[in-house]
Structure formats: structure tokens, C-alpha cells
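Understanding the architecture of this molecule
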Amino acid sequence: MRLGKQRHESKYMAVQYFYKEHHWSINWMCKQLGIARSAYYKWIHRCIPEQEKENIKLAELIREYDDRFGHILGYRRMTNWINRLNQSNYSEKRVHRIMKKLGIHAIIRKKKKKYLAIKPEETVENILQRDFYATEPNQKWVTDVTEFKIPGERNKKLYLSAILDLYDRYPIAFVISKRNDNRLVFKTFDKALHENPNAKPVLHSDRGFQYTNRAFRTKLEDHKMKHSMSRVGHCIDNGPIEGFWGIIKSEMYQMYTITNETSAIRDYIRFYREERFQDRYHNKTPLEVRIEALTSDIAKEYPIPENKRINKYKAKWCA
């Protein structure tokens, strides 16, 4: 594998390999490959350039982080994490080039299945309207329930209910259960209130049976919270929590082994809260962003970066 810019380096490396492993003639191989024998010996005794040494060092870091974090880092996040943890300043292009040479890439998320619609009279208005930007903690919450299949256990599933704060994407409450029922969602809501007793956010959910339940809506009314719901067949209306599920399911299975409802999921959410740096928050973890906001008079704002593809789509189809 070439990490430098030496001309014919791959040929020199091939000659070196077959000479050492199979004792092939150097002179014959150089003739077949169209390179000078003297050039090969000059390459053997050359001084490795500083840039190539740096690339070798960077390649070792990339391999280490890829193994350590279970192959969840793409080149952008790999760049951010290496720079933060090593006080370095590598560019994304350089990291991307070396990752391609090493054959290292992030895992890809799977598509989500569709869910059945609920009766219109049991739902409420979509107040959030896909406005996922919040200027301070406890201004907008999103919630949902997802399921996990346990490897090696036939027909055995776990259900995770969580509430995510849109300001810092911090999971303020989560509950794991073997049953997907009202108690799972109610317990998650109670935990969120216990951690944030004075919060009165807009709470957005999909049209799941737990959220259309009258008892749940009464809970919101008792705490003077506004309820917002996604439209039928528009999972993007609850995009942040859907993205959170995708991150967990694509990364957690790589990093941990699921054996019961208290191990891998809890370990990953702790990792997400306390160790998973995020580019939008200037390479800070959700916990760091939340603590800074709650301990300062004015919360720092983190605008959502514009997505050029979405803007182009809107300009074409939503005019």
C-alpha cells in the first residue's frame, strides 16, 4: 500500500516482496516491469520523506480508531475525532484518501419499515412542522419507540423508548422493556420530568397507539406541554429521533454484544451522551453542550447546517 508519492513505488514494493518471499531475480523482475535496477536499489536505501512518515502515523491512528469504535466512523467523523483526541489538524481529504487506501469505511444504515396509520380523530396538529432547531434546552423534545432483535434469540425482542432534546440532541430519558405498551412510554415521560421538573417543551411524536392514548395526552395537559404529531406516512416529520435510532442500530451492534436489556443499549447511550463528538457542536459531546447551556445565562446557539440537496429539492418541487 502506497502512502507516499514516490513514482513506481508499487512496482518497487512488488519486487521487494517477491525477492524476499520467493527469491525471484531482481534483474529479471525490473526488466519485466520496465524499471531500472539502479532505481530500485535507490528506493531501497532512500530516506522516507516526512510527509510519508506522517501518513504512516495517521494510518495507524485510523486503524486503531476504526477497531476501537467498531467501524462506525466515516472520514468526516474520523478526522474530527483524531484531531480532537490528538491535538492535530489533519484535513478531511487527507484522512479520506488514506482510509480509501486502507479499505476502511463506515457501516451503512438499513431502511426502516413502514407503520400503520391511526384514526385522524385520535391525533393532534403537527405544531413542529419539521422545525428541528432549538435555541435552548427543554424547548423542543421528540420521542418514539423502536425495537431491537436479539442475535441468537428467535422471536425475542427488546423495546427502547426515548425522549431527545432538539437543542443538544441529548437523550434526556430512556426506558428499555420486553413489552411495547403504554407503561413503557409513560415511564419514559416520567423520567424526563424527574430530570427536568420545570420543563414545558413542545413534545413531538408519531401516531403510535401510546401517544394517541387519552391518558398520555392528559399527562401533557397536566404539565402544560403542547403535543405535536407527525402526519401519516411522513416519518421525516420526526426526523431527529429516527436518525437517532439509525445511529444506534448501525453503530451499537458493531461496538457491543446484546445479551440482555440492560447491557449493550445502556452502554451505547452512555457512549453517545458522553463520548461521541458531534461536528455540528464543534466537536463536543451532547453532555458537554447541555452542561454548558444549563450553567450559563444565555445558551450558545448551534444553527443546523444547510443541506444543499434538500434546498435544491425544495426549489424544484415546493415552489
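Above this note sits the structure.
The text that follows walks through the structure, step by step, so that each part is easy to find. (Residues numbered from 1 in each chain as written. Predicted model: local features only at pLDDT ≥ 70, side-chain atom pairs only at ≥ 80, totals over all residues. Heavy atoms only, no water.)

Some thoughts on the pairing of strand E4 (residues 202-205)
Of the two faces of E4, the one lined by Val 202 and His 204 and the one lined by Leu 203 and Ser 205 are each fully buried. Pairing of strand E1 (residues 140-149) with E4 involves 3 bridges; the strand directions are parallel. Considered in E4, the bridge of Val 142 is made with His 204. The parallel pair E4 and strand E5 (residues 226-229) is bridged by helix H8 (residues 214-222), and the resulting crossover is right-handed. (Buried < 20%, exposed > 50% of the residue type's maximum accessible area, 1.4 Å probe, protein only. Helix = DSSP H or I, 4+ residues; strand = E, 2+ residues; numbered from the N terminus. Pairing = 2+ DSSP bridges. Right-handed = clockwise from strand over helix to strand, strands pointing away.)

Section: unusual backbone geometry
The backbone of Arg 130 shows a phi angle near 60°, a positive value even though the residue is not glycine. Relative to the helices and strands, Arg 130 resides in the loop between helix H6 (92-102) and E1. Its relative accessible area of 37% is what places Arg 130 among the partly exposed residues. Phi is positive for Arg 169, close to 55°, though the residue is something other than glycine. Look at Arg 169 and you get buried, because its relative accessible area is 17%.

Points about the pattern of salt bridges
Counted under the stated rule, the structure contains 14 salt bridges. Two residues, Glu 288 and Arg 84, come together in a salt bridge whose shortest N-O distance is 3.0 Å. Linking Glu 288 in helix H11 (residues 286-294) with Arg 84 in helix H5 (residues 75-86), this pair joins segments that are 204 residues apart in sequence. Looking at Glu 288, the relative accessible area reads 29%, which means it is partly exposed. Judged by relative accessible area, which is 29%, Arg 84 ranks as partly exposed. For Asp 190, the salt bridge identified is with Lys 219, shortest N-O distance 3.0 Å. In this pair, Asp 190 sits in helix H7 (residues 182-195) while Lys 219 sits in helix H8, placing the two residues 29 residues apart along the sequence. By relative accessible area, Asp 190 is classed as partly exposed at 37%. According to the relative accessible area criterion, Lys 219 is partly exposed, its value standing at 22%. (Salt bridge = Lys/Arg side-chain N within 4 Å of Asp/Glu carboxyl O.)

Describing the sheet that holds strand E3 (residues 170-177)
The 5 strands are arranged E3-E2-E1-E4-E5 in an open sheet whose pairing can be described as mixed. The open sheet terminates on both sides in strands that have one partner only, identified here as E3 and E5. The average undirected angle you get between the axes of adjacent strands in this sheet is 25°. Relative to E3, strand E2 (residues 157-165) runs antiparallel, the two being bridged by 7 bridges. Across the sheet, Ala 162 pairs through a bridge with Phe 174, a residue of E3. Contacting E1, E2 and E3, helix H9 (residues 239-255) crosses the sheet at an angle of about 35° to E1. Seen against the sheet, helix H10 (residues 264-274) touches E1, E2 and E3 and runs at an angle of roughly 180° to E3. (Axes fitted to C-alpha atoms, helices over the stretch in contact; angles between N-to-C directions. Contact = heavy atoms within 4.5 Å.)

Things to note about the packing of aromatic side chains
Given two aromatic rings, their pairing is described by the distance between the two centres and the angle made by the two planes. Evaluated as defined, the whole model comprises 20 aromatic pairs. Pairing Phe 69 with Trp 81 gives two aromatic rings, centres 4.9 Å apart and planes at 90°, and the pair type is edge-to-face. One end of the pair, Phe 69, is in the loop between helix H4 (50-68) and H5; the other, Trp 81, is in helix H5, and 12 residues separate them in sequence. For the pair Phe 69 and Trp 81, a shared accessibility class is recorded, and that class is buried. Each ring, one from Tyr 281 and one from Tyr 302, has its centre 5.1 Å from the other, and the planes form 75°; the classification is edge-to-face. Highlighted residues: Tyr 281 in the loop between H10 and H11 and Tyr 302 in the loop between H11 and helix H12 (308-317), separated in sequence by 21 residues. Among the residues examined, Tyr 302 registers a relative accessible area of 2% and is labelled buried. The rings of Tyr 65, Phe 69, Trp 81, Tyr 268, Phe 271 and Phe 277 are connected pair by pair, giving a single aromatic cluster. Directly above the aromatic system of Phe 174 lies the positively charged group of Lys 191, at a separation of 5.3 Å from the ring centroid. (Phe/Tyr/Trp six-rings, centres within 6.5 Å; stacked < 30°, edge-to-face > 60°. Lys NZ or Arg CZ within 6 Å of the ring centre and 35° of its normal.)

Bear in mind that shape data such as this cannot, by itself, settle questions of function.
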